[in-house]
Amino acid sequence: MKRRSFLRTAALAAPAGMLKPVSIYAERARKNTGYYGVHQFVEDHPEAVFIMKTDVDVKTNADAIRAEGMKFASQVLVPKDNSGVPVSHLVPIKPNITGGGGGTFETMGIITDPNFVEGVIESMKNLGVDKKKFHIREVNCINWEKHPYWPIVKRTGADLHNMNARVPGIDNERLSNWSKNHDEIDPDELVWVDVPDGVVFRKIPYLRPINAPDTFLLNIAKFKAHSMGLTLACKNFQGAVGNGYQHFCQKMGSVLTIPPEHRNPTVEQDIERCLKRHIGELPRWERPVKDADAQNRTAVDTYDTICQEIWTHRTLDSLSVTDFGLHIVEGIYGRDGNFGPGPNPEGNEDNPRGKAWDYMTNIVIFGKNPFRVDLVGKWLGGHEPGNFGFFHIAMERGMLDVMNPMNIPVYHWENGTAVRMPLTWFTRTPLKTFYL
């Protein structure tokens, strides 16, 4: 057998609970070819999830975190022949940089660590990708002026600018106050994508160059809790959508702000039908819909069944029409709680105000399939009833074919070598949130 066929067969034949791991050696480094891509073994195994352990002592060790980003990218994003991605392609990067968090020691865990992203960018430059090809994108950011990503942008030369302006054509009467307070975005800043079979959307505006031709998209999420559940890869991507369309976890009123030609004409009836089927069947869908939680409200209530249902379908609509290069969850340190507030007791010597805590989890989770990456990530984070319904509906829509993370092939990635291991071999770090 050819070496690649033998390694592939050996990996697939290995039982999930095996005691002796199968080792799959990474490609040897090659000189720059003008093309690059995801390591071939990862490409050949979209059904698998890979976990790289990192070695960082404290979350403020920027040099160590940057080095881990460089090490990760140098092993996973490698030179290719002319079947790979040309170095001339743009590289949109979607980290989690919501809310302007990360500016202080207490809030660092809210965002994807900027030093890790810097390491990834610098490593990709060694593949021949010019600094002007990198575009960091996020819409859900409040405090742009003092954001901790600015120093990284200055050092790497990547493009990052405020893209909070709202999409033209939105119904201002129904918009949230945050969205109303922004001017209209330049149409050239958006990439519109058709969603012919969407449950909520028929067209979605993405922050250019996300979903533009000739791009290689990196989705770099954070290992953290949120009131909707652990954020991870699937939820992280909603911040790539233009203002007025991106509030996935709001009620039907938010959907109705979208121009009729951009949404499913029967969305209200379809969501109601889905709700009737899922209430009493899915965790967190059990909560009765109250009169006060009428569908025409735009406010978010993360306990509300309507919010869970709508968030799920909007997220699935978006994922279904996007071509990703790789999904990555940066978990060098992980955060529990919900942004700043947490479920932790007051008076702790490390956090006397009872806010969310960060833990040195020292892992990077990655793979080609965002659902499988998240299933493994949520197990490692000690959850997740909050997102069980999301995965269940993804299965209903034919986007996922596995629910039990123990049935997902998991590899320990170390020094360019992938070793098949049982999931239980990895350390779990419960990331608490107030609804559990």
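Residues numbered from 1 in each chain as written. Predicted model: local features only at pLDDT ≥ 70, side-chain atom pairs only at ≥ 80, totals over all residues. Heavy atoms only, no water.

### Examining the overall build of the protein chain
Inference 1: Counting secondary structure elements, the protein chain contains 12 helices and 15 strands.
Inference 2: Counting all 436 residues of the protein chain, 59% fall into the buried class.
Inference 3: Look at the contacts in the protein chain between residues 6 or more apart in sequence, and 75% of them connect residues 24 or more apart.
Inference 4: Within the structure as shown, the protein chain displays about 17700 Å² of accessible surface, and the carbon and sulfur contribution to it stands at 51%. (Helix = DSSP H or I, 4+ residues; strand = E, 2+ residues; numbered from the N terminus. Buried < 20%, exposed > 50% of the residue type's maximum accessible area, 1.4 Å probe, protein only. Contact = heavy atoms within 4.5 Å. Areas by Shrake-Rupley, 256 points an atom, 1.4 Å probe, with all protein chains shown as cover.)

### A look at the pattern of salt bridges
Inference 1: Per the stated rule, a full pass over the model turns up 19 salt bridges.
Inference 2: In this structure, Lys 368 engages Glu 43 in a salt bridge whose closest nitrogen and oxygen atoms are separated by 3.4 Å. Residue Lys 368 is found in the loop between strand 13 (363–367) and helix 11 (370–380), and its partner Glu 43 is found in helix 2 (residues 40–44); the two are separated by 325 residues along the sequence.
Inference 3: One salt bridge connects Lys 203 with Asp 194, and the closest N-O pair in it is separated by 2.6 Å.
Inference 4: By relative accessible area, which is 28% here, Lys 203 ends up partly exposed.
Inference 5: Assessed through its relative accessible area of 45%, Asp 194 is described here as partly exposed.
Inference 6: Several salt bridges converge on common partners, so that one network encompasses Asp 63, Arg 66, Glu 118 and Arg 155. (Salt bridge = Lys/Arg side-chain N within 4 Å of Asp/Glu carboxyl O.)

### Some thoughts on the confidence of the model for the protein chain
For any part of a model where pLDDT is low, the fine detail of the predicted coordinates should not be relied upon.
Inference 1: For the protein chain, mean pLDDT is 86; residues scoring 70 or higher make up 82% of the total.
Inference 2: Confidence drops under a pLDDT of 50 for residues 1–20, and excluding neighbours within four residues, the segment shows 27 contacts in the predicted structure.
Inference 3: pLDDT under 50 marks residues 293–299. Its contacts with residues more than four places away, or in other chains, come to 25 contacts. (pLDDT = per-residue confidence, 0-100.)

### Comments concerning the environment of His 313
Inference 1: Topologically, His 313 is positioned in helix 10 (residues 305–320).
Inference 2: The class of His 313 is buried, set by a relative accessible area of 3%.
Inference 3: If near-sequence neighbours (up to four positions away) are discounted, His 313 is found in contact with Val 199, Val 200, Ile 271, Cys 274, Ile 393 and Arg 397.

### A word on the pairing of strand 11 (residues 326–335)
Inference 1: Burial analysis of strand 11 places 10 of its 10 residues in the buried class, the great majority of the element.
Inference 2: Inspection of the sheet shows strand 10 (residues 218–224) paired to strand 11 by six bridges, in the parallel sense. Residue pairing across strands places Lys 222 opposite Glu 330, the latter belonging to strand 11.
Inference 3: Taken together, the five bridges between strand 11 and strand 13 define a ladder with antiparallel strand orientation. Considered in strand 13, the bridge of His 327 is made with Gly 367. (Pairing = 2+ DSSP bridges.)

### Describing the sheet that holds strand 4 (residues 77–79)
Inference 1: In space, the three strands of this open sheet follow the order 4-2-5, with antiparallel pairing throughout. Each edge of the sheet is formed by a strand with only one pairing partner; in this case those strands are strand 4 and strand 5 (85–86).
Inference 2: Note: strand 2 (residues 35–38) against strand 4, three bridges, orientation antiparallel. Directly across from Tyr 36, in strand 4, lies its bridge partner Pro 79.

### A closer look at the nonpolar core
Inference 1: Core analysis: the biggest nonpolar cluster contains 71 residues, and Phe 371 and Leu 380 have the highest contact counts within it.
Inference 2: At six residues, helix 11 tops the list of elements feeding residues into this core.
Inference 3: Sequence-distant contacts of Phe 371, that is, excluding residues within four places in its chain, are made with Cys 234, Leu 316, Leu 319, Phe 390, Phe 391, Ala 394, Met 399 and Leu 400.
Inference 4: Ranked by size, the runner-up nonpolar core spans 49 residues in total, among them Val 42, Ala 64, Leu 218 and Leu 326. (Core = buried A, V, L, I, M, F, W, Y, C linked by side-chain atoms within 4.5 Å.)

### Structural notes on the packing of helix 9 (residues 267–278) against helix 10
Inference 1: For the pair helix 9 and helix 10, the least separation of the axes is 10 Å and the interaxial angle reads 115 degrees. Classified by the angle between their axes, helix 9 and helix 10 sit roughly perpendicular to one another. The hand of the helix 9/helix 10 crossing is right-handed. Side by side, helix 9 and helix 10 meet where Ile 271, Cys 274, Leu 275 and His 278 of the first sit next to Thr 305, Ile 306, Glu 309, Ile 310 and His 313 of the second.
Inference 2: Of the residues belonging to the contact of helix 9 with helix 10, the class tally is five nonpolar, three polar and one charged. (Axes fitted to C-alpha atoms, helices over the stretch in contact; angles between N-to-C directions. Parallel < 35°, antiparallel > 145°, perpendicular 65-115°, else oblique. Left-handed = near helix turned anticlockwise from the far one by under 90°. Nonpolar A, V, L, I, M, F, W, Y, C, P; charged D, E, K, R; others polar.)

### Observations regarding the packing of aromatic side chains
Given two aromatic rings, their pairing is described by the distance between the two centres and the angle made by the two planes.
Inference 1: By the definition in use, this model includes 19 aromatic pairs.
Inference 2: Taking the centre distance of 6.2 Å and the plane angle of 80 degrees together, the rings of Phe 41 and Phe 50 count as edge-to-face.
Inference 3: Residue classification places Phe 41 among the buried positions, given a relative accessible area of 8%.
Inference 4: Owing to a relative accessible area of 0%, Phe 50 belongs among the buried residues under this scheme.
Inference 5: Every member of this aromatic cluster is reached through a ring pair, and the members are Phe 41, Phe 50, Phe 72, Phe 116, Phe 366, Tyr 411 and Trp 413.
Inference 6: Here the basic side chain of Arg 420 rests over the ring of Tyr 411, its NZ or CZ set 5.9 Å away from the ring centre.
Inference 7: Taking the ring centre of Trp 379 as reference, the NZ or CZ of Arg 428 above it sits at 3.9 Å. (Phe/Tyr/Trp six-rings, centres within 6.5 Å; stacked < 30°, edge-to-face > 60°. Lys NZ or Arg CZ within 6 Å of the ring centre and 35° of its normal.)

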